[in-house]
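Listed below are the residues making up each chain.
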There are 2 protein chains.
Amino acid sequence: MNRALASPEKALISQGNAPLRSLSFPRLSRYDETMKVTQTFIPTLREVPADAVIASHRLMFRAGLLRRLGNGLFAYLPLGLRSFRKVEKIIREEMDAIGCLEIKPSVVVPGELWKESGRWDSMGEALLKLKNRLGADFVMSPTAEEAFTAIVRDELSSYRQLPLSLYQINTKYRDEVRPRYGVMRGREFVMKDAYTFHANEESLDKSYQDMGRAYRRIFRRCGLSVIPVKADSGAMGGSGSEEFMVESEIGDNTLLLCKSCEYAANVEKAECKPDFSPPSSLDEAKTIAASTPPIEKIDTPEIKTIEELCSFLKADAKTFIKTLIYKAENVESENPSAEKNSAEAEKSSAGKFFAVCIRGDLDINETKLAAALKASEVSLASEADVLRLTNAPVGFAGPVGLKGIPVIADFSVSSINDGVCGALAKDLHYRHVAYGRDFEASMSADLRTVKAGDNCPLCGGELYEKKGNELGHIFKLGYKYTRAMNVSFLDENGKSHTPTMGCYGIGLDRTLASVIEEHHDDDGIIWPLSVAPYQVIVVPIKYDGAVKEAADKLSLELIREGIEVLLDDREERPGVKFKDADLIGIPYRVVIGDKNLAGENPKVEVKRRCEKESRLVDINTAVEDITEKIRAELYEFANS
Amino acid sequence: MNRALASPEKALISQGNAPLRSLSFPRLSRYDETMKVTQTFIPTLREVPADAVIASHRLMFRAGLLRRLGNGLFAYLPLGLRSFRKVEKIIREEMDAIGCLEIKPSVVVPGELWKESGRWDSMGEALLKLKNRLGADFVMSPTAEEAFTAIVRDELSSYRQLPLSLYQINTKYRDEVRPRYGVMRGREFVMKDAYTFHANEESLDKSYQDMGRAYRRIFRRCGLSVIPVKADSGAMGGSGSEEFMVESEIGDNTLLLCKSCEYAANVEKAECKPDFSPPSSLDEAKTIAASTPPIEKIDTPEIKTIEELCSFLKADAKTFIKTLIYKAENVESENPSAEKNSAEAEKSSAGKFFAVCIRGDLDINETKLAAALKASEVSLASEADVLRLTNAPVGFAGPVGLKGIPVIADFSVSSINDGVCGALAKDLHYRHVAYGRDFEASMSADLRTVKAGDNCPLCGGELYEKKGNELGHIFKLGYKYTRAMNVSFLDENGKSHTPTMGCYGIGLDRTLASVIEEHHDDDGIIWPLSVAPYQVIVVPIKYDGAVKEAADKLSLELIREGIEVLLDDREERPGVKFKDADLIGIPYRVVIGDKNLAGENPKVEVKRRCEKESRLVDINTAVEDITEKIRAELYEFANS
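Owing to the predicted nature of the structure, the values given are computational and were not obtained by experimental measurement.

**Remarks on the overall build of chain A**
Item 1. Helix and strand content of chain A: 18 helices and 33 strands.
Item 2. In terms of overall dimensions, chain A has a C-alpha envelope of 100 × 65 × 50 Å along the principal axes.
Item 3. Burial status across chain A gives 57% buried among its 640 residues.
Item 4. A sequence separation of at least 24 residues applies to 71% of the contacts in chain A between residues at least 6 apart.
Item 5. Just so you have it, chain A exposes about 26900 Å², and 48% of that area is on carbon and sulfur atoms.

Listed below in structure tokens is the structure:
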């Protein structure tokens, strides 16, 4: 036995200098057959499903990668699954490479864990809850903070066990009301989600940086151009949240990008360079206001919008103070310790109201507002509430003389020293309003919605907009789950602490679909080699006689070199085979026909899917030629 | 780029003669680090969970392979997942090798598919149904006949597409009322389930045989001794159902095995060689009965059991005709066409009653009875029903003179030509009862429960009993789903037909747990090399100085040879490390210590987990020595 083995296997393994970890040997010869089109299941379509409005959805159905089982529920067919597994493998390799450890919790998780974290109630209706026959509550996991935190809680005792970095690649479910765009927004999907646990911020930051680099490599290896979007500006030091976006006509997100530098941000969090010079202090504001004419009440009959007011007063919208009444839910108490211990923070159970001011030409960004107020949600107050709180109908709120609710101001408001605002009565406004003199804000913050044309917060360049879809997200979670679920460890001195957490997700289905979005033409998919279901498709013009023999031999030789080959052995016209080969998008096509085989120098035709022209290659060097090119390209993917 | 690559990688790939399909190259050097114990997550335990009554459950927890998330819900930790993935890989390779194609349907499946098949109602409470926020019905898949049939239905048109053989390895859920024994009977689990579709029985039989062989290879490669249990005797020609069992103290199944031949059967279906000679026809029975004394009614006061009757009459239980009244649910109509088209068969909605007779020393097998009656379920009639139907209390039923309900007889009854039975009145029995003369049966069938000591139906040898757990099942499903869900294809002549189906499952979690059941001792797991989480554990006595250097070097060299190495770099006493190494059961342990390293011929200690003795090996040949042994053993696993 030993001898039989010793020769080829051993030579094979030990001659290279390249590392070979996890090469599983020996291979079994019975697994060595060429995959033929008639022996697999690739139901290509001429017709496209009516609801398939984006290219990846259309092509995944047309190329036979995917079928529908229900609304937002799909089945990957053999070809689709091969590419899916390659994406999975790339992600797994990059997670393993940064020392993240794979585990596999159940998909169905006890509801009690979600009650502990609070997400049982706060997650909303996208969380699919279920009851089993004994009436116990369960959750079909959309993410797995609770499960991972529970596992770590039970095992963690000492700081020596930290940091701990765990991930899974597993089925998830989100109860989308309107699933669409194929697997781009499905109900069931597969996500890689990782969670890290740390004794301190520095350790969390290191893992966060490692993850960011791993994510960049993952997307690069998949052939994707992603836009990393930081939640807060890099200029302010360490970012705590980064989204990895791909440009998409049907993107959920609006991105703001700088024409001059790398700045990219989600509109929800985008900042810009101020186009005003705020006073450095309230005193300075008062000093400036000293030269402003006294505040004056004016009649503004039948005027409701800023635009109407502008033309009525013949003034720029930049001199107006727009004031909106907001209702905020679950606002944290003002107790400064609340910031440090959010789990125990008092919450006001009923909504709280705020008057929110911003310069007339700008819009309030509700995500920023909620963050500034530490509220779970903000929404415009009802007309009745506005009337009750401002003594005036909607349209006449203003900060001057407003009693009973706090005034929150965007930074832009503090530089207004001769402005216009509502006078808390129908058809009345104030003019010559000066911040600091006529009103103050209980809080100033960046609340503005950044738009195309605004200036980059980093370099001052012009910002522009794109629609984007999120493929991945890395996020410093902090103490939310470890506090709520009572996780602790002892430090060197035996003192108990709560670990801090990071979480990091990538949607696999969406990543695969995005590869197709980025790599296709009118004829079909153009797979990057790294995630192609097969690397080579061998197309005999007629699978018969000498052509069949040559096709079989070439295929087998390629397979022996480690190349993944699909052989189109169908009795179809060449045109049909070429059309299907283009549709399913295998990177290399080798056509074998009688004409090129004849003569002294038999040749085959080699064509890359991404190129227009084919080449004639000597049949005796074709295997080496193709293998070398594929190897070089894969090497580049893996090590760029 | 090409040149840098051309040398080592290429030499490596092309020099071997062995096939190398799906070797994914090039490897990345950054993935080449030794896995150290302090860098992974192996929370071994001294304590055992109180509910862990079987070895695999205890050891999966103690060795840090598994943790509990809820009742019947678990998380595989890194070490457990590595072994789990190896089982998965073995199954995938063997499925691929027989041309079965992997797909990935969603786990959550629309309820409407289950309504089409009828299993929405018939599956019982183990089926976890769910409603989403829009009120739509879904099923959390326990198996996937419906999903696969729906996919094939939509694509199938011509006989040329058949046979079609598809599988998935995916999450499943069964709403067990009493999950226990760890992953051996969990709620969520992973199953490989395959479904094949065929134009005719011969094609189905071929796939069924291929699957049977693949299953045998899978279990052999996992190091498992399985007992293949055929549902019907091989003697009767092609079997339509085969279960793969492992012996287990907590097995759900009772198996009957022959001491002399290969016969093995589940007690539910086990047959035996008759210990009687039945008449060949009713006429022959009548002829034999001619010499029996006339039937006679006798008083049997206060006698209820067969045993009491035996001693009262001083007769052998073999001369008694035991008669039990059964209620059967959903009995198919007697219409002979019903057998051919079960989906449309009429069913009696209310239960039907039957008098079931068997020889006094035997017991009725209710599974056989239900099958004979084509009923979904059978159960003993209530006392009230017995009184109403036999005009006597329980204990005095008999076939003689019984009106209004059909008499069903076990084959053993027809050879009774001078027997005793109840006389349909309290404290009265008949004697000198002869089959054919005094009563007839409307159906005779094999209804007996086979017991240890009965004779093998194949060779006549003695049968004995074992408890077993089912790991896999292959089954000729027939037309049940394809008819119910209207699947059809056109034959060569354009005529429409319904395809026939087979289904084939293996539980991965249970397979892994069974490996541990079969391979462990008091100190821990003894992994077979094929599914071990790592192949070698390197244990430096103290991870420091020259020992550390030698341990690092040896580990890296083994990894370069493709061996999976875990390095115990903890600052623990050697005894602790050895105990943990035994507990987690890595097949090869290499101990590196100062003493053996000193001197001219530095040595390391190599010990196999399954052997008592260790060997001292020259450190310079240790890598080659270990690699060769592992390679040889793996080769044997894969190709035996």
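**Here we look at the sheet that holds strand 6 (residues 108-110) of chain B**
All names here are of chain B.
Item 1. Strand order across the open sheet formed by three strands is 6-8-7, with antiparallel pairing between neighbours. Of all the strands in the sheet, just strand 6 and strand 7 (128-131) have a single pairing partner and so form its edges. Sheet twist, expressed as the average angle between the axes of neighbouring strands with direction ignored, equals 35 degrees.
Item 2. Pairing between strand 6 and strand 8 (residues 137-140): three bridges, direction antiparallel. Bridged to P110 within strand 8 is F138.

**Quick look at the side chain of Q168(B)**
Residue and element names in this part refer to chain B.
Item 1. Mapped onto the elements of the fold, Q168 is located in strand 9 (residues 164-173).
Item 2. Only 3.0 Å separates the side chain of Q168 from the side chain of N170, close enough to count as a polar contact.
Item 3. Contact partners of Q168, with chain neighbours within four places excluded, come to I103, P105, A144, F148, M191, K192 and D193.

**Quick word on helix 18 (residues 619-639) of chain B**
Item 1. The end-to-end C-alpha distance of helix 18 of chain B is 31 Å, a good match for the 30 Å that 21 residues give at a rise of 1.5 Å each.
Item 2. Of the residues flanking the start of helix 18 of chain B, the one acting as N-cap is D618(B), its side-chain oxygen 2.9 Å from the backbone nitrogen of N620(B).

**Focus: the side chain of E633(A)**
All names here are of chain A.
Item 1. Checked against the element boundaries, E633 lands in helix 18 (residues 622-639).
Item 2. E633 sits in the buried class, given a relative accessible area of 19%.
Item 3. If sequence neighbours within four positions are ignored, E633 has contacts with L529, Y588 and R608.

**Here's the deal with the sheet that holds strand 19 (residues 407-410) of chain A**
Residues and elements named next belong to chain A.
Item 1. In space, the five strands of this open sheet follow the order 18-16-17-19-22, with mixed pairing throughout. Edge strands, defined here as strands with exactly one partner in the open sheet, are strand 18 (377-380) and strand 22 (443-445). Across the sheet, the mean angle from the axis of one strand to that of its neighbour is 35 degrees, orientation sign disregarded.
Item 2. Two strands pair when backbone bridges link them, and strand 16 (residues 321-329) and strand 17 (residues 352-359) are joined in this way by eight bridges, in the antiparallel orientation. In the sheet register, I325 faces strand 17, and the bridge partner there is A355.

**Thoughts on the packing of aromatic side chains**
Item 1. If you walk through the whole model with that rule in mind, you get 14 aromatic pairs over all chains.
Item 2. Relative to Y195(A), the ring of F148(A) has its centre 4.5 Å away and its plane inclined at 45 degrees; by these criteria the two rings are tilted. One end of the pair, F148(A), is in helix 7 (residues 145-155); the other, Y195(A), is in strand 10 (residues 188-198), and 47 residues separate them in sequence. The pair F148(A) / Y195(A) is uniform in exposure class, with both members buried.
Item 3. Relative to F219(B), the ring of Y215(B) has its centre 6.2 Å away and its plane inclined at 80 degrees; by these criteria the two rings are edge-to-face.

**Notes on the nonpolar core**
Item 1. If you look at the biggest cluster of nonpolar residues, it comprises 140 residues, and the most contacted ones within it are M140(A), M60(B), L65(B), M95(B), M140(B), Y215(B) and W527(B).
Item 2. Non-local contacts of Y215(B), meaning those with residues more than four positions away in its chain, are made with M95(B), K192(B), F244(B), G472(B), H473(B), I474(B), Y504(B), G505(B) and I506(B).
Item 3. Grouped together as the second largest cluster of nonpolar side chains are 60 residues, A63(A), C222(A), A513(A) and I586(A) included.

**Examining the pattern of salt bridges**
Item 1. Taken as a whole and judged by the stated rule, the model has 100 salt bridges over all chains.
Item 2. Here R153(A) ties to E116(A) by a salt bridge, and the two come within 2.7 Å at their closest N and O atoms. Taken together, the residues span a long stretch of sequence, with R153(A) in helix 7 and E116(A) in helix 5 (residues 111-117) at a distance of 37 residues.
Item 3. On the basis of relative accessibility, which here comes to 23%, the residue R153(A) falls in the partly exposed class.
Item 4. With a shortest N-O distance of 2.8 Å, R92(B) and E102(B) are connected by a salt bridge. Linking R92(B) in helix 4 (residues 78-97) with E102(B) in strand 4 (residues 101-102), this pair joins segments that are ten residues apart in sequence.

**Regarding the confidence of the model for chain A**
Item 1. Looking at chain A as a whole, the pLDDT averages 89, with 91% of positions reaching at least 70.
Item 2. Long-range and interchain partners of residues 335-349 of chain A, a stretch whose pLDDT sits below 50, account for 20 contacts in this model, where long-range means more than four residues apart.

What counts and what doesn't
- Residues numbered from 1 in each chain as written.
- Chains lettered and ligands numbered in written order.
- Predicted model: local features only at pLDDT ≥ 70, side-chain atom pairs only at ≥ 80, totals over all residues.
- Heavy atoms only, no water.
- Helix = DSSP H or I, 4+ residues; strand = E, 2+ residues; numbered from the N terminus.
- Buried < 20%, exposed > 50% of the residue type's maximum accessible area, 1.4 Å probe, protein only.
- Contact = heavy atoms within 4.5 Å.
- Areas by Shrake-Rupley, 256 points an atom, 1.4 Å probe, with all protein chains shown as cover.
- Pairing = 2+ DSSP bridges.
- Axes fitted to C-alpha atoms, helices over the stretch in contact; angles between N-to-C directions.
- Polar contact = N/O pair within 3.5 Å; in protein donor to acceptor, adjacent residues only side chain to side chain.
- Expected span 1.5 Å × (residues − 1).
- Phe/Tyr/Trp six-rings, centres within 6.5 Å; stacked < 30°, edge-to-face > 60°.
- Core = buried A, V, L, I, M, F, W, Y, C linked by side-chain atoms within 4.5 Å.
- Salt bridge = Lys/Arg side-chain N within 4 Å of Asp/Glu carboxyl O.
- pLDDT = per-residue confidence, 0-100.

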